[in-house]
Amino acid sequence: MLQHLHIENIAVIETADIQFQPGFNVLTGETGAGKSIVIDSLLAILGGRTSRDLIRHGQTKAVVSALFTGLPQQAQDLAAELGFESEEGTLLVSREILQDGRNLCRVGGRPASVSILKTLGALLVNIHGQNDGAQLLDERSHIDYLDAFGGYEDQLAEYYAQYQSLLSLRRQIKQKIERGEQLRQRADFLQYQLAELESADLKPGEYEALNERRMLLANVEKIATGVMEAKLALYGDEDQPGVTELLTGVEARLRSCESWSEEIRGFCGRAGELLALSQELERDIDAFSNSIDYTPAELAATEERLDTIGRLMKKYGRDEAELLALQEETRQQLDDLETMDDDLAACNQAYAAKRDQVQALSQALHQRRMCAAKNLSARIEEELHQLDMPHARFCVQVQSTAEQGHVKFTRRGTDNVVFLLTTNPGESLKPLHKVASGGELSRIMLAIKSVLSGADAVGTLIFDEIDTGVSGRAANKVGEKLFALSLEKQVLCVTHLPQIAALGQHQFRIQKQVEGGRTLTKVEPLDRQGRIQEIARMTAGMDITQQTLRNAQEILAIAEAFQQATVDKRGKGCYSKHQEMR
């Protein structure tokens, strides 16, 4: 549950600390006093969108923090999975909104992102706002309400996984058909391209080797002259000794005196190494000299081969290695074209089998929904009767596209779900958007929340002006239903109606005032006398008389009698934790 909410520098709230209690908490105040700011602050904690316009004028940042206690196990597990361990079911969430547009979020004192707040918030608080009525009129959302009630999450997950596989196969088939068309249109070109590349008989590294050979052949005379002069320097001639002969003499002279000096023995070794290298160089130069077999025909053939490869490289804009890859790619495309029909037939066969599987899963889902729809219809209808709609008939209609002759798979199956309602005897059931008034929509949403709350792990329910379009006896019924919900969940409600405010166990007044030329909003908990004063204001406006106060006291006493009677009827066990905090 939400135990403590701290608000700082948001709009007209300079600072506010609200200590919420278990059970039914109501927030009241004049229109424009700042009740919506409290809800906006809670939305910020839950990862909702914010704006720097929320920051109080003259301040650099706004801060909201909320302390949640008694977290359900599902919320604790999710927090741990996200890397935020709760301490004995307690979690502190905070968010700072800065003037430069940045948001600094923390969970349990550790940095977090807005998306993490949103993920966690879904298991911490459930907010029903004024715009939820519009959502309820959107028939696309009705299937979500039914599935939330149905309790067949595993079947939904299995269906969705297979549905995604079906979509993947359909994409593969589409891609194969498109690729097949492209390959057929390019078949002649691909065959020509492959023939041209294969006729060139390219080999890895050939172009570089040919360039080196051409360089040698084009300069063979200069190379021969240089090699000859090098051999002369190594071998020597009649007029002068060569390097090898000189090194031989050096080694011999050093060996003649090596026995007298350790250092000279080292010189001998080095002279021997130089002599060995010189002799090895002589052999290699001789071998290279003998390998030069120059013919003009070879040079011409080499240049012609280089020209052939160079022309292909220029034509296709690729180097030698890329030309070889292009050749293999072209061959593969032609092979694919030959097997395209067989591959497409195999994919179509797999798609048909997968479609049958998805169809079977969707039909099983349809049966579960039909059963859930019957139960949900009865439950909501019963709730509506308790909410001063005694003649209401409510029906959750489930229709499968398979029954209409054309199966259309969606992420939720093949079903269309529509909520039907009639509030007057003798009238036929019609879609909500055709018959429901604003007040009826509020009660229908409350009925749905009442039914779904039992299966919901969220510990705190917030109703922002659930009383829109509601008055008189219907307001009493709405308040009674909210109190009944508070026996199982913590309930926070923003209301303008005294009947609902009186049924709250804990009341907070939100009041706007001017101090030092600045407008401030204060949030204060009310004791019993304060509640009487506030209920009197809600009943009579600013002209509060003794009679108005007596009426307010009577309204509060009637509400307290109802609360006690409800607790006695249900049994004190479910209410003890709320009584402890009063």
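Residues numbered from 1 in each chain as written. Predicted model: local features only at pLDDT ≥ 70, side-chain atom pairs only at ≥ 80, totals over all residues. Heavy atoms only, no water.

A few words now on the overall build of the protein chain. Counting secondary structure elements, the protein chain contains 20 helices and 15 strands. Its C-alpha radius of gyration of 44 Å places the protein chain more than 25% over the 25 Å reference for a compact globule of 582 residues. In terms of its C-alpha atoms, the protein chain occupies a principal-axis envelope of roughly 145 × 75 × 45 Å. Here the protein chain, with 582 residues, has 43% of them falling under the buried criterion. Partitioning the intrachain contacts of the protein chain with sequence separation of at least 6 by distance along the chain shows that 72% fall at a separation of at least 24. Put simply, the protein chain shows about 30700 Å² of open surface, and 50% of that area lies on carbon and sulfur atoms. Taking the 65 positively charged and 85 negatively charged side chains of the protein chain as two groups, their mean positions are separated by 12 Å. (Helix = DSSP H or I, 4+ residues; strand = E, 2+ residues; numbered from the N terminus. Rg over C-alpha atoms; globule rule 2.2 N^0.38 Å. Buried < 20%, exposed > 50% of the residue type's maximum accessible area, 1.4 Å probe, protein only. Contact = heavy atoms within 4.5 Å. Areas by Shrake-Rupley, 256 points an atom, 1.4 Å probe, with all protein chains shown as cover. Lys, Arg positive; Asp, Glu negative; His and termini not counted. Charge placed at Lys NZ, Arg CZ, Asp CG, Glu CD.)

What follows concerns the side chain of Lys449. By the secondary structure assignment, Lys449 is in helix α15 (residues 438-453). Judged by its relative accessible area of 15%, Lys449 falls in the buried class. Beyond its immediate chain neighbours, meaning those up to four positions away, Lys449 contacts Asn126, His128, Phe463 and Leu485.

Another aspect to go through is the pattern of salt bridges. One pass over the structure, following the stated rule, counts 27 salt bridges. In this structure, Glu96 engages Lys61 in a salt bridge whose closest nitrogen and oxygen atoms are separated by 3.5 Å. Of this pair, Glu96 sits in strand β5 (residues 91-98) while Lys61 is found in strand β4 (residues 61-68), placing the two residues 35 residues apart along the sequence. For Lys61, a relative accessible area of 33% puts it in the partly exposed group. The salt bridge involving Asp415 is made with Arg369; its shortest N-O contact spans 3.0 Å. On the criterion of sequence distance, the pair formed by Asp415 in strand β10 (residues 415-422) and Arg369 in helix α13 (residues 320-386) is long-range, its members being 46 residues apart. Take Asp415 and Arg369: they sit in the same class, and that class is buried. Ionic contacts of the salt-bridge type, sharing partners, join the residues Glu30, Arg509, Glu524, Glu534 and Arg537 into one network. (Salt bridge = Lys/Arg side-chain N within 4 Å of Asp/Glu carboxyl O.)

Here we take up helix α19 (residues 546-570). Taking 1.5 Å per residue as the helical rise, α19 with its 25 residues ought to reach 36 Å, and the 36 Å between its terminal C-alpha atoms agrees with that figure. Buried within α19 we find Thr548, Leu549, Ala552, Leu556, Ala559, Gln563, Thr566 and Val567. Tucked inside the fold, the buried residues of α19 contact α16 (472-486), α17 (498-502) and α18 (528-540). Taken from the residues just after α19, Gly571 is the one with a positive phi, measuring 105 degrees. (Expected span 1.5 Å × (residues − 1).)

Right, let's get into the packing of aromatic side chains. Scanning all chains against the criterion turns up five aromatic pairs. Where Tyr145 meets Phe419, the ring centres are 6.1 Å apart and the plane angle is 35 degrees; that geometry is what we call tilted. Separated by 274 residues along the polypeptide, Tyr145 in helix α5 (residues 142-150) and Phe419 in strand β10 bring together distant segments of the chain. In this structure, Tyr145 and Phe419 share a single accessibility class: buried. With 5.8 Å between their ring centres and 10 degrees between their planes, Tyr159 and Tyr163 make a pair best called stacked. Highlighted residues: Tyr159 and Tyr163, both in helix α6 (residues 153-185), separated by four residues, approximately one helical turn. Under the relative-accessibility criterion, Tyr159 is labelled buried at 0%. (Phe/Tyr/Trp six-rings, centres within 6.5 Å; stacked < 30°, edge-to-face > 60°.)

With respect to topology, six strands assemble into an open sheet ordered β2-β1-β4-β5-β6-β7, the strand pairing being antiparallel. Looking along the sheet, the strands with just one partner apiece sit at the ends: β2 (13-19) and β7 (110-112). The sheet shows a mean angle of 15 degrees between the axes of neighbouring strands, direction not considered. For strand β1 (residues 2-10) and β2, the ladder comprises six bridges, and the chain directions are antiparallel. In the strand pairing of β2, Glu8 is matched with Thr15. (Pairing = 2+ DSSP bridges. Axes fitted to C-alpha atoms, helices over the stretch in contact; angles between N-to-C directions.)

Turning our attention to helix α7 (residues 187-200). Taking 1.5 Å of rise per residue, 14 residues should cover 20 Å, and α7 covers 20 Å from first to last C-alpha, within 8% of that figure. Tucked into the core, α7 has its buried residues touching α6, α12 (296-316) and α13. Just past α7, the residue Asp201 takes up positive phi, approximately 50 degrees.

Moving on, we come to the environment of Thr15. Structurally, the position occupied by Thr15 is in strand β2. Given the relative accessible area of 40%, Thr15 is considered partly exposed. What Thr15 contacts, discounting residues up to four positions off in sequence, is His6, Ile7 and Glu8.

As a further point, take the packing of α12 against α13. Between α12 and α13, whose axes approach to 10 Å, the crossing angle comes to 70 degrees. In terms of axis orientation, α12 runs roughly perpendicular to α13. Of α13, the residues touching α12 (which contributes Ile309, Leu312, Met313 and Tyr316) are Glu320, Leu323 and Leu326. (Parallel < 35°, antiparallel > 145°, perpendicular 65-115°, else oblique.)

So far we have only geometry, and geometry alone does not tell us how the molecule works.
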